[in-house]
4 protein chains.
Amino acid sequence: MAPTDRPVTENTFYVRYVETDAMGITHHSNYIVYFEEARSHYSRVQGADYADFERSGYWLTVAEVHARYIVPTHYAQQIAARCWIEELRSRTVTFGYEIVDAATKQVCVTGYSRHVCINHAGSVTKIPESWLSTMRHGLP
Amino acid sequence: MAPTDRPVTENTFYVRYVETDAMGITHHSNYIVYFEEARSHYSRVQGADYADFERSGYWLTVAEVHARYIVPTHYAQQIAARCWIEELRSRTVTFGYEIVDAATKQVCVTGYSRHVCINHAGSVTKIPESWLSTMRHGLP
Amino acid sequence: MAPTDRPVTENTFYVRYVETDAMGITHHSNYIVYFEEARSHYSRVQGADYADFERSGYWLTVAEVHARYIVPTHYAQQIAARCWIEELRSRTVTFGYEIVDAATKQVCVTGYSRHVCINHAGSVTKIPESWLSTMRHGLP
Amino acid sequence: MAPTDRPVTENTFYVRYVETDAMGITHHSNYIVYFEEARSHYSRVQGADYADFERSGYWLTVAEVHARYIVPTHYAQQIAARCWIEELRSRTVTFGYEIVDAATKQVCVTGYSRHVCINHAGSVTKIPESWLSTMRHGLP
């Protein structure tokens, strides 16, 4: 369940037709993309835009991803992707996610992803302090 | 250029990271998806929701698609997808598209797609009159 | 590491350009798709084609997916996707995966996915005995 | 129809589950990806690997793409993607495509894509002579 002791952002969107599969539901791989878009939204809202982060010479590479599928979603369904920070360390960050129906708030998919900060040469490095402090805002 | 004598809808969204490629730009195949989402939005706005259309036993299968790439777009760029009906006939419909930067309105990609109405048995059939009349609304 | 006490299949393919992202590497969501293609290949090789399984009225819906990213891959790199059965029960099956460089055999990504058998009405049901016995072949 | 006066390459693959949609067929946007993979294969076979081309400082950016959909394809269907060069000029190249059923050779989708050579600074430039001469091999 989404935590109540820290910022949780929510971006809403419609399931695209291309994202459905022959089962008539949203293909499970798309939630990994929804997670990514949710953390883009999170950092945008927090004032730590990931596009800027990247331009300043860093990447948050994905080290691990996990999803649990509870209820399927369908074409044109309006979805909300909740995102929060599970853990923020000097070199790593873990985001948590809930994909819910935008109207009923039923939880459809949950998950998390763990990221490691690297520079554009590919070396693991500390997350730059400015980005870190913005992202730390509101965390317990 | 988007026509001025008929309805043109516009839905805005951010380019997703997954949609970029190793050139650092939005991969060209994604615009075909943006076109699709634009016509979903068009029919939703016009009151002829495509999800309902499908549930009533029909599909608008894609017969042809064309895209012309003018200016590349990038991750996190806010994009607007313009959509209009080029031609509406009893069994076919052609949509036109412009993908523009949401802020500057610079046209990045243009295109069209041609669709044929089929029933769920796969036979070409007339577009149901109720959907047709709703979609015809505002056309010259 | 891939187990040695049971069948492990391997299908090889090239990373597609569309699968790369602005980091210049294969986007992490694509490995979820490689996993899927690997289990399609596994069942095909074992003689329990998933397309037939589906046509006979069943689906193996995805309940959980996990991926760990170790080494990035790149456009045009030849990859092998290893797949095996972790656990097979009357209603569920768990597949394990390793994505390796086809030439060097370096392990790039590992993961697993857990599936539940449902019928086309959406109810959880026993995996049909014929498919189960074919898939059980070679398991300890 | 694929021309008979020049090289035509053919790469075969299975339709992936993720590539299907709620119509139960391969989503039309995937053929744009099949086209891309077909021209990757073409250049690989001709000895003018696109990955090397890119590493040497150039890109073939996509200026235009067109697809005509004739017969749908389905999950696990084995497909062959035929590719050839329609026109090769000093700065541009146009590829033609046919997606056929690998067994019956029925033509399912046809198309073309037009590309412009740019350097990594984004300027239109001449295709390097070495790559051009390799690609010109076998053309009338």
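Cut-offs and rules
Residues numbered from 1 in each chain as written. Chains lettered and ligands numbered in written order. Predicted model: local features only at pLDDT ≥ 70, side-chain atom pairs only at ≥ 80, totals over all residues. Heavy atoms only, no water. pLDDT = per-residue confidence, 0-100. Least-squares fit on C-alpha atoms with pLDDT ≥ 70 in both. Contact = heavy atoms within 4.5 Å. Helix = DSSP H or I, 4+ residues; strand = E, 2+ residues; numbered from the N terminus. Buried < 20%, exposed > 50% of the residue type's maximum accessible area, 1.4 Å probe, protein only. Salt bridge = Lys/Arg side-chain N within 4 Å of Asp/Glu carboxyl O. Phe/Tyr/Trp six-rings, centres within 6.5 Å; stacked < 30°, edge-to-face > 60°. Axes fitted to C-alpha atoms, helices over the stretch in contact; angles between N-to-C directions. Parallel < 35°, antiparallel > 145°, perpendicular 65-115°, else oblique. Nonpolar A, V, L, I, M, F, W, Y, C, P; charged D, E, K, R; others polar. Pairing = 2+ DSSP bridges.

Points about the confidence of the model for chain A
Of the residues in chain A, 100% reach a pLDDT of 70 or more, and the chain-wide mean stands at 97. Model confidence for the complex is summarised by a pTM of 0.97, with the ipTM given as 0.96.

Looking at the relation of the copies chain C and chain D
For the match of chain C to chain D, the screw axis carries a shift of 0.0 Å, the RMSD comes to 0.0 Å, and the turn is 180°. The superposition operator between the copies reduces to a two-fold rotation axis. In terms of C-alpha distance to the rotation axis, chain C has phenylalanine 13 of chain C as its closest residue, with the C-alpha 4.5 Å off the axis. The residues that chain C uses at the interface reappear at the interface of chain D in 100% of cases, marking a shared surface.

Describing the environment of alanine 121 of chain A
Residue and element names in this part refer to chain A. Tracing the sequence through the fold places alanine 121 in the loop between β5 (107-119) and α3 (129-136). When its relative accessible area of 70% is taken as the criterion, alanine 121 is described as exposed. It is 13 Å that separates the C-alpha atoms of alanine 121 and leucine 60, two residues lying 61 residues apart in sequence.

Brief notes about the pattern of salt bridges
This model, assessed by the stated rule, comprises 44 salt bridges over all chains. Between glutamate 36 of chain B and arginine 39 of chain B there is a salt bridge, with the nearest N and O atoms lying 3.8 Å from each other. Here the residue glutamate 36 of chain B and the residue arginine 39 of chain B both occupy positions in helix α1 (residues 29-46), the gap between them amounting to 3 residues, near one helical turn. Both residues of the pair, glutamate 36 of chain B and arginine 39 of chain B, count as buried. The salt bridge partner of arginine 55 of chain C is aspartate 52 of chain C, with a shortest N-O separation of 2.9 Å. Residue arginine 55 of chain C and its partner aspartate 52 of chain C are located together in helix α2 (residues 50-55), separated by 3 residues, close to a single helical turn. Take arginine 55 of chain C: its relative accessible area is 65%, and that puts it in the exposed class. Linked by salt bridges that have partners in common, Glu10, Arg82, Glu98 and Lys105 of chain A make up one network.

Here's the deal with the side chain of histidine 41 of chain D
Residues and elements named next belong to chain D. Mapping histidine 41 onto the fold places it in helix α1 (residues 29-46). Relative accessible area serves as the criterion here: at 18%, histidine 41 is assigned to the buried category. Setting aside anything within four residues of it in sequence, one finds histidine 41 in contact with Thr9, Glu10 and Asn11.

What to know about the relation of the copies chain A and chain C
In the superposition of chain A on chain C (RMSD 0.0 Å, axial shift 0.0 Å), the rotation amounts to 180°. Taken as a fraction of all interface residues of chain A, those also at the interface in chain C reach 100%, which identifies the copy contact as same-surface.

Focus on the packing of aromatic side chains
Throughout the structure, instances matching the rule amount to 44 aromatic pairs over all chains. Between the aromatic rings of tyrosine 50 of chain A and tyrosine 17 of chain B, the centroid separation amounts to 6.1 Å while the plane-to-plane angle is 70°, which identifies the pairing as edge-to-face. Taken together, the positions of tyrosine 50 of chain A in helix α2 (residues 50-55) and tyrosine 17 of chain B in the loop between β1 (9-14) and α1 put the pair across two chains. Neither residue differs from the other here; tyrosine 50 of chain A and tyrosine 17 of chain B are each classed as buried. Ring centres 4.4 Å apart and planes at 40° place the aromatic pair phenylalanine 53 of chain A and tryptophan 131 of chain A in the tilted group. Of this pair, phenylalanine 53 of chain A sits in helix α2 while tryptophan 131 of chain A sits in helix α3, and the two are 78 residues apart along the sequence. Given the relative accessible area of 2%, phenylalanine 53 of chain A is considered buried. Among the aromatic side chains, those forming a connected cluster through ring pairs are Tyr17 and Tyr75 of chain A together with Tyr50, Phe53, Tyr58 and Trp131 of chain B.

Some details on the packing of α1 of chain D against helix α3 (residues 129-136) of chain D
All names here are of chain D. As a packed pair, α1 and α3 sit with axes 9 Å apart at the nearest point and diverge in direction by 95°. Viewed along their axes, α1 and α3 adopt a mutual orientation that is roughly perpendicular. When α1 is examined against α3, the residues Tyr42, Ser43 and Gln46 are found in contact with a partner set consisting of Trp131, Thr134 and Met135. Residue composition of the contact of α1 with α3, grouped by class: 3 nonpolar, 3 polar and no charged.

Brief notes about the sheet that holds strand β4 (residues 92-101) of chain A
Taken in spatial order, the 10 strands of this open sheet run β1(A)-β3(A)-β4(A)-β5(A)-β2(A)-β2(C)-β5(C)-β4(C)-β3(C)-β1(C), and their pairing is antiparallel. Two strands close off the open sheet at either side, each with one partner strand: β1 (9-14) of chain A together with β1 (9-14) of chain C. Strand-to-strand twist of the sheet, defined as the mean angle between neighbouring strand axes without regard to direction, takes the value 25°. Packed onto the sheet, helix α1 (residues 29-46) of chain C meets β2 (58-69) of chain A together with β1, β2 (58-69), β3 (78-88), β4 (92-101) and β5 (107-119) of chain C and runs at close to 130° relative to β1 of chain C.

Regarding the sheet that holds strand β2 (residues 58-69) of chain D
With respect to topology, 10 strands assemble into an open sheet ordered β1(B)-β3(B)-β4(B)-β5(B)-β2(B)-β2(D)-β5(D)-β4(D)-β3(D)-β1(D), the strand pairing being antiparallel. With one partner strand each, in any of the chains shown, β1 of chain B together with β1 (9-14) of chain D form the two edges of the open sheet. Ignoring which end each strand starts from, the neighbouring axes of this sheet average 25° apart. In terms of strand pairing, strand β3 (residues 78-88) of chain D meets strand β4 (residues 92-101) of chain D through 9 bridges, oriented antiparallel. Bridge pairing in β4 of chain D places glutamate 87 of chain D opposite threonine 94 of chain D.

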